[in-house]
Amino acid sequence: MIRVFFFAVVGVLTFLIQPPGATAKNAQLVAYTVAGLALLAWVLADLWPTAARYRVRALPVILGVIAVAGGFACTAGINENNCPVMLASMATTAAGTDISLGNGWLVTAASMVAIDANWLIYRDGSAQLSAFLLYPLVPLFGLVVGRVLYGRRVQAEQSAALLAQTQQLLAARGQADVLGERARIAREIHDVLAHSLGALGIQIQAARAVLTDHEDIDRAVEILLTAQRMAADGLTETRRAVHALRSDSRPLDEELSRATATYGERYDVKVTLAIGGTPRPVPPDATVALLRTAQEALVNAAKHAPGQCVAVRLDYGAHDVRLTVVNGLASEGSGPAGPGTITGGYGLTGMRERLRLLNGTLAAGPGDRQWTVTAELPLAPADQPLAFADQPKEVTS
């Protein structure tokens, strides 16, 4: 549409607005008609599927015909009307963008030769030598503009290709992360089931021993209630892991809020949760590790300091995230925790080793009549492996 409109404008300017003289008119009309036929062939090569197969070989010829016809018609009307030179410029601009540089130079050279050769034929006494030198610069300028546009198009195509490759790499990385996360969740399910079923078997054996050896039904019922609670906790953890396989896990602060609320309701104690810093996404493995640490710390508080208030705090730093669980120590007359407070847990020793795998640390100990558990994890992987990664694991009772 743009080419046809441009061609029509040149025709109006050449033959209607400022018509040439009788001598130049016939030459310009023939050249204009030839350029129109070449333009029609150009349109067919772009739009007609059958002709599109020959476009690569036919386009240089088509553009050369338009360039020569426009140059010939331009100088045929010297000192009268030179608008057809725009056709030559259009052809050389397209040559700079759509065909090879060598063919583009051939098209431009043919147009320049047509301009000067026909100028020599139709020049008169009033014609100036400057026209002989300046008009050929018009198609040359068109070729330069075409090469600039070609360079911009190549850059755009390269940028699009790089963007597509980047998106493919990100998609592949995302798939790898998903597979890794699914493998981690599968290991989590295995750990939960192994621990829950193992502890459940021990409790059942204990209940059987109490019934057969001591015939203590109340004690056996209490042990079975503990076993039931452990089975329920294992089922809850398994369901949570399975849910993670189906959708994204919740943010760490939401998981901690649910865990502390469940603990407060189960043991009827006051539990506070404070969030410091600006919450932001935490990697799934770090989320699970910190959540398990908090759960284990709460379990220990229920076992060794029943009835004591617990304060949980999560701090988001610039380069790390810190979890702190503080509970008061048991009073002198409180005595040890009963079996009803013993629920499933992986042990702080195991959680310390798990945090070490993530370049994190875990510290736990008494101070000022309080028991404090502190876990820290970097938000970005460390550049160097931990120095103590190969040391023997610490085992505590």
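Residues numbered from 1 in each chain as written. Predicted model: local features only at pLDDT ≥ 70, side-chain atom pairs only at ≥ 80, totals over all residues. Heavy atoms only, no water.

Overview of the pattern of salt bridges
Here comes step 1: Overall, the coordinates contain 5 salt bridges when judged by the stated rule.
Here comes step 2: Here Asp 98 makes a salt bridge to Arg 153, at a shortest N to O gap of 3.4 Å. Highlighted residues: Asp 98 in helix H5 (residues 85-98) and Arg 153 in helix H8 (residues 137-214), separated in sequence by 55 residues.
Here comes step 3: Of the residues examined, Arg 153 reaches a relative accessible area of 36% and is grouped as partly exposed.
Here comes step 4: When the shortest N-O distance is used, the salt bridge between Glu 222 and Arg 219 registers 3.8 Å. On the criterion of helical spacing, the pair formed by Glu 222 and Arg 219 is a turn pair, its members being 3 residues apart in helix H9 (residues 217-246).
Here comes step 5: You can call Glu 222 partly exposed: its relative accessible area is 32%. (Salt bridge = Lys/Arg side-chain N within 4 Å of Asp/Glu carboxyl O. Helix = DSSP H or I, 4+ residues; strand = E, 2+ residues; numbered from the N terminus. Buried < 20%, exposed > 50% of the residue type's maximum accessible area, 1.4 Å probe, protein only.)

A few points about the nonpolar core
Here comes step 1: Membership of the largest hydrophobic core comes to 30 residues, with the highest contact counts inside it found for Leu 252, Tyr 263, Leu 290, Leu 323 and Val 325.
Here comes step 2: Broken down by element, this core gets its largest block of residues, 9 residues, from helix H11 (residues 284-304).
Here comes step 3: Leave out the neighbours within four places in its chain, and Leu 252 touches Val 282, Thr 287, Leu 290, Leu 291, Leu 314, Tyr 316 and Val 321.
Here comes step 4: With 23 residues, the next largest nonpolar core counts Leu 59, Ala 69, Ala 73 and Ala 94 among its residues. (Core = buried A, V, L, I, M, F, W, Y, C linked by side-chain atoms within 4.5 Å. Contact = heavy atoms within 4.5 Å.)

Notes on the confidence of the model for the protein
Here comes step 1: For the protein, per-residue confidence averages 77 on the pLDDT scale, and residues scoring 70 or more make up 82% of the total.
Here comes step 2: Per-element confidence in the protein ranges from a low mean pLDDT of 65 for helix H7 (residues 129-134) to a high of 92 for strand S2 (residues 310-316).
Here comes step 3: Note on residues 333-346: pLDDT under 50 across the span, and 33 contacts to partners over four residues away in sequence or across chains. (pLDDT = per-residue confidence, 0-100.)

Overview of a nonpolar patch on the surface
Here comes step 1: Together, Val 30, Val 34, Val 61 and Val 65 give the surface a local cluster of nonpolar side chains, amounting to about 310 Å² of exposed area.
Here comes step 2: Contributing elements (two or more residues each) for the nonpolar patch: helix H2 (22-47) and helix H4 (55-76).
Here comes step 3: By the element assignment, Val 61 lies in helix H4. (Patch = residues over 30% accessible without salt bridge, like charges linked within 9 Å, V, L, I, M, F, W, Y side chains within 5 Å. Areas by Shrake-Rupley, 256 points an atom, 1.4 Å probe, with all protein chains shown as cover.)

Description of the sheet that holds strand S1 (residues 271-276)
Here comes step 1: Across the sheet, 5 strands lie side by side as S1-S2-S3-S5-S4; this open sheet has mixed pairing. Every other strand in the sheet has two partners, leaving S1 and strand S4 (361-367) as the edge strands with one partner each. Neighbouring strand axes in the sheet, compared pairwise and without regard to direction, differ in orientation by 10° on average.
Here comes step 2: Relative to strand S3 (residues 320-328), S2 is paired through 7 bridges, and the arrangement is antiparallel. Bridging across to S3, Val 310 finds its partner in Asn 327. (Pairing = 2+ DSSP bridges. Axes fitted to C-alpha atoms, helices over the stretch in contact; angles between N-to-C directions.)

Looking at the packing of H5 against H8
Here comes step 1: The geometry of H5 relative to H8 is characterised by a closest axis approach of 7 Å and an angle of 30° between their N-to-C directions. By the angle class used here, H5 and H8 are roughly parallel. Seen from above, H5 lies across H8 with right-handed handedness. For the pair H5 and H8, the contacting residues are Val 85, Ala 88, Ser 89, Thr 92, Thr 93, Gly 96, Thr 97 and Asp 98 in the first and Val 138, Pro 139, Gly 142, Leu 143, Val 145, Gly 146, Arg 147, Leu 149, Tyr 150 and Arg 153 in the second. (Parallel < 35°, antiparallel > 145°, perpendicular 65-115°, else oblique. Left-handed = near helix turned anticlockwise from the far one by under 90°.)

Regarding the packing of aromatic side chains
Here comes step 1: If you walk through the whole model with that rule in mind, you get 2 aromatic pairs.
Here comes step 2: Ring plane angle 50° and centroid distance 5.0 Å describe the contact between Tyr 263 and Tyr 267, whose orientation is recorded as tilted. Of this pair, Tyr 263 and Tyr 267 both sit in helix H10 (residues 252-267), 4 residues apart, roughly one helical turn.
Here comes step 3: Between Arg 3 and the ring centre of Trp 42, over which it is positioned, the NZ or CZ distance is 3.8 Å. (Phe/Tyr/Trp six-rings, centres within 6.5 Å; stacked < 30°, edge-to-face > 60°. Lys NZ or Arg CZ within 6 Å of the ring centre and 35° of its normal.)

A short note on the side chain of Thr 287
Here comes step 1: Among the secondary structure elements, Thr 287 is positioned in helix H11.
Here comes step 2: We classify Thr 287 as buried; its relative accessible area is 6%.
Here comes step 3: The residues touching Thr 287, leaving out its near neighbours within four places in the chain, are Arg 250, Leu 252 and Val 282.

Section: the environment of Val 4
Here comes step 1: Examined against the element boundaries, Val 4 turns out to sit in helix H1 (residues 2-17).
Here comes step 2: We classify Val 4 as partly exposed; its relative accessible area is 47%.
Here comes step 3: Between the C-alpha atoms of Val 4 and Val 43, which are 39 residues apart in sequence, the distance is 9.2 Å.

Comments concerning the pairing of S3
Here comes step 1: In terms of burial, S3 is largely enclosed, as 7 of its 9 residues are buried.
Here comes step 2: Turn length for the S2-S3 hairpin, with the two strands adjacent in sequence and antiparallel, is 3 residues.
Here comes step 3: Bridge count between S3 and strand S5 (residues 370-378): 9 bridges; the pairing is antiparallel. Following the sheet pairing, Thr 324 is matched in S5 by Thr 374.

Here's the deal with the environment of Ala 305
Here comes step 1: Note that Ala 305 resides in the loop between H11 and S2.
Here comes step 2: Ala 305 sits in the buried class, given a relative accessible area of 3%.
Here comes step 3: Measuring from C-alpha to C-alpha, the distance between Ala 305 and Gly 328 comes to 6.9 Å, with 23 residues separating the pair along the chain.

Considering H10
Here comes step 1: The end-to-end C-alpha separation of H10 is 23 Å, in line with the 22 Å expected for 16 residues at 1.5 Å each.
Here comes step 2: Turning to H10, its buried residues are Leu 252, Asp 253, Glu 255, Leu 256, Ala 259, Thr 260, Tyr 263, Gly 264 and Tyr 267. The buried residues of H10 occupy an angular sector of 165° when projected down its axis, which confines them to one face.
Here comes step 3: Just downstream of H10 lies Asp 268, where phi reads positive at about 55°. (Expected span 1.5 Å × (residues − 1). Arc of directions from axis to C-beta.)

Side note on the packing of H8 against H11
Packed helices, taken two at a time, are described by their axes: the angle between them and the distance between them.
Here comes step 1: Across the interface, H8 lies against H11 with an axial gap of 10 Å and an inter-helix angle of 25°. Classed by the angle they form, the pair H8 and H11 counts as roughly parallel. Facing H8, whose interface residues are Glu 181, Arg 184 and Glu 188, H11 presents Pro 284, Asp 285, Val 288 and Arg 292.

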